[in-house]
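Observations on the three-dimensional arrangement
Chain residues, written in single-letter form:
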Amino acid sequence: MTRSTEFLLNGSLRLALHTLAEGEGRPLLLLHGLGEQSPMSRPAWTSAWNGPVLALDFTGHGESDVPVSGGYTPEGLMSDVDAVLAERGPVTIVGRGFGAWVGLLIAGARTSLVQGVVLFDGSGVVGGGSQPPTPYVNVLPASGTTKPDPYALLELSRDPRPPDYALDYVRFVLEDSEIENPIVVSARIRPEWLAAVAADIGVIELPLEQAIASFA
Amino acid sequence: MASTDQTREFPGAKAPDRTGSIDSSGLRLALNEWGDPEAPVLAMVHGGFDFSRTFDVFAPMIAEAGWRVVAWDARGHGDSDHAHMYGWSADVRDHLAAIQSISSEPIVLLGHSKGGGQLLDLLDGRPSLAKAFVNLDGLPSQFSSPDVNDRERRRMRRADLASGLDRRRRRNELTRRPDTIKGLAERRQPMNPRLSREWLEYLVTVGARHDDEGWRWKIDPVLHLGGFGPWRPGWSLDHLAALEMPFLGVLSGVQDDPMGWKSRHSDIEPFLPPGGRLEYYDDIGHFLHIEQSQLIADLVLEFLEPLR
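This report concerns the structure included in the present document. (Residues numbered from 1 in each chain as written. Chains lettered and ligands numbered in written order. Predicted model: local features only at pLDDT ≥ 70, side-chain atom pairs only at ≥ 80, totals over all residues.)

1. A short note on the overall build of chain A
Stated formally: Here a helix means four or more residues in a row that DSSP labels H or I, a strand means two or more in a row labelled E, and each is numbered from the N terminus. Note on burial: count the other C-beta atoms lying within 10 Å of the residue's C-beta; 20 or more is buried, 12 or fewer is exposed, in between is partly exposed, and C-beta positions come from the backbone. Residue pairs qualify as contacts under a 7 Å threshold applied to their C-beta atoms, which are placed from the backbone.
Helix and strand counts for chain A come out as six helices and eight strands. Judged by the C-alpha coordinates and their principal axes, chain A covers about 45 × 40 × 25 Å. Every one of the 216 residues in chain A was classed for burial, and the buried ones make up 51%. Pairs at least 24 apart in sequence give 74% of the contacts found in chain A among residues at least 6 apart.

Written out as structure tokens, the structure is:
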């Protein structure tokens, strides 16, 4: 099917939520990588999913609005996904790259509404590393409507991701989830935060298509 | 709740001599200035949930000694624009935009609390901005209290996460609760327990706006104390050790001040940059420059004297 798009409000900004496949039951929500946007059609690797397949453009990306003067943080962008949860109820998430990081955070923050999360390779999976990177502060011209927003690329590629911080969110998920294996790592690239998550006793590893099938 | 009593005075408090604004990538930040516009510049950066008019007593003292004092409101605070997104790095960048708009030469920078911590980050990356740096109780060392175990820390983070997301879901409906000047001052008192009611009522008249229902703080209602993220105190201390300009740090030793960072002299001293100076007052609270304005102004002026 040709994707259809609706717009959700997060504060004063519009977020583009695309429907890539119709269906009954719990949706599969795709979160793209840093600087990317949602796919135009359903990816083949989602074929095991019989329910709806949705994809969200993060703030400053794709068809979503660009805020004035940045201020991007992964924690702040959790509210993008939370706007989908408020509108559509429980989902299963597949996050690519930066979307994997946000997917883990929101899974830990909204444990009753995120029923399974798959962490997959993609742009922005590393972030700024376990420690803050070398300080780099720069003021960019007002970006207007440029997408991806240059501030998103600047700020979301430098956010620190300590492994113990990531594991806090793993604990939040595991303490609450009624699913046997609610976090699945399908990524091959393993920055320190993701290596720590994958090594946790409550987390399993599966190839992407099998991971999605495990939640279907 | 409307009040006709809309002004307060406070001994030594002086409205800015000049006001203006700064553009930070399209976001307007409100600017206030005291003193001779031709004098050397000293920029003041306020802390979280404060605003530049909290310098109304301290700034004129510095200005009176021959400085052009400049201070701006952080995004979402005071008279600055509310932003869609907030974050430590965005604040740091706003400070850079402000400083670059004020002077192309190195200036003296002074930051209180969160403002001081953010200047630490900025000056590690952009040391040429400052010819000296004064940090007033903005040197974090034990953000996580040592008697909080991991389980409790996670519980606190989790509660913070949920409340933060809930607040963002409702952001289009959020407003600051209206009150009288006295009522708003009373509600601020728990954050500033060592500051006089007279001062807090004065702050209401310069930091809140009045409408048909009463006074409301100007700060963006989506902002809340705490926040969440992976930040940890040691990262700021790394920035402190890297500084290369003359440095004066001033610590409050009052351990039960709710807004204080509770760093001890021994926590910070090992990270002082070469030649850095650290003063510790165990009887002055977190808002040193308000609680003991003249003492702290004299200390800062004495430190800056060789730089004039």
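Past the structure itself, the notes keep going.
2. Notes on the packing of helix H2 (residues 88-102) of chain B against helix H3 (residues 114-125) of chain B
Residues and elements named next belong to chain B. Defined as follows: Note on method: axes are straight lines fitted to C-alpha atoms, helices fitted across the in-contact stretch only, with angles between N-to-C directions ranging 0 to 180 degrees. Here is the rule for angles: anything less than 35 degrees is roughly parallel, anything more than 145 is roughly antiparallel, 65 through 115 is roughly perpendicular, and the remaining ranges are oblique. Just so you know the grouping, Ala, Val, Leu, Ile, Met, Phe, Trp, Tyr, Cys and Pro go in nonpolar, Asp, Glu, Lys and Arg go in charged, and all remaining residues, Gly too, go in polar.
Where H2 meets H3, the closest approach of the two axes is 9 Å, and the angle between their N-to-C directions is 70°. Here H2 lies roughly perpendicular to H3, going by the angle between them. Across the interface between the two elements, Trp88, Asp91, Val92, His95 and Leu96 from H2 touch Gln118, Leu119, Asp121 and Leu122 from H3. When grouped by side-chain class, the residues that make up the contact of H2 with H3 number five nonpolar, two polar and two charged.

3. With respect to the pairing of strand E7 (residues 208-211) of chain B
All names here are of chain B. Heads up, the rule is: Note on pairing: two strands pair once DSSP finds at least 2 bridges between them.
In this sheet, strand E8 (residues 214-217) lies alongside E7 in antiparallel orientation, the contact comprising four bridges. The partner of Asp211 across the bridge, within E8, is Gly214. In this antiparallel pair of consecutive strands, E7 and E8, the connection spans two residues.

4. Some details on the interface of chain B and chain A
At the junction of the two partners, chain B supplies 34 residues and chain A supplies 33 residues. Secondary-structure elements contributing two or more residues to the side of chain B that touches chain A are H2, H3 and helix H4 (150-169) of chain B. Element by element, the count of residues in the side of chain B that touches chain A is highest for H4 of chain B, at eight residues.

5. Examining the sheet that holds strand E7 (residues 183-185) of chain A
All names here are of chain A. Taken together, eight strands build an open sheet; the order of strands is E1-E2-E4-E3-E5-E6-E7-E8 and the sheet is mixed. Each edge of the open sheet carries a strand with a single partner, namely strand E1 (4-10) and strand E8 (204-205). Inspection of the sheet shows strand E6 (residues 114-120) paired to E7 by three bridges, in the parallel sense. Bridging across to E7, Val118 finds its partner in Val184. The sheet contacts of helix H6 (residues 208-215) involve strand E3 (28-31), strand E5 (91-96), E6 and E7, and relative to E6 the element is tilted by about 180°.

6. Re the environment of Trp67 of chain B
Residues and elements named next belong to chain B. For Trp67, the position within the fold is in the loop between helix H1 (58-64) and strand E4 (68-72). Take Trp67: there are 23 C-beta atoms within 10 Å of it, and that puts it in the buried class. In this view, Trp67 contacts Gly35, Ala39, Pro40, Leu42 and Ile62; residues no more than four positions away in its chain are not counted.

7. Structural notes on the environment of Arg176 of chain B
Residue and element names in this part refer to chain B. Summarising the element assignment, Arg176 is placed in the loop between H4 and helix H5 (181-188). On the basis of neighbour count, Arg176 is assigned to the partly exposed category, with 15 C-beta atoms found within 10 Å. Residues in contact with Arg176, not counting those within four places in the same chain, are Arg216, Trp217 and Pro221.

8. Concerning the nonpolar core
Put simply, the test is: Only buried Ala, Val, Leu, Ile, Met, Phe, Trp, Tyr and Cys residues enter a nonpolar core, and they are joined through C-beta atoms within 7 Å.
Counting residues in hydrophobic clusters, the biggest one holds 138 residues, and the most contacted among them are Leu56, Leu104, Leu119 and Val197 of chain A together with Ala43, Ile62 and Val69 of chain B. Looking at this core element by element, the count peaks at nine residues for helix H2 (residues 98-109) of chain A. The residues contacting Ala43 of chain B, other than those within four sequence positions of it, are Val70, Ala71, Ile99, Ile102, Ile107, Leu109 and Leu110 of chain B.

9. Regarding the sheet that holds strand E2 (residues 27-34) of chain B
Residue and element names in this part refer to chain B. Pairing is mixed across the open sheet formed by eight strands, whose spatial order is E1-E2-E4-E3-E5-E6-E9-E10. Bordering the open sheet on either side are strand E1 (18-24) and strand E10 (277-281), each of which pairs with just one other strand. The average undirected angle you get between the axes of adjacent strands in this sheet is 20°. As defined by bridge partners, strand E6 (residues 130-136) adjoins strand E9 (residues 247-252) across four bridges and the pair is classed as parallel. Paired with Leu136 across the two strands is Val250, which belongs to E9.

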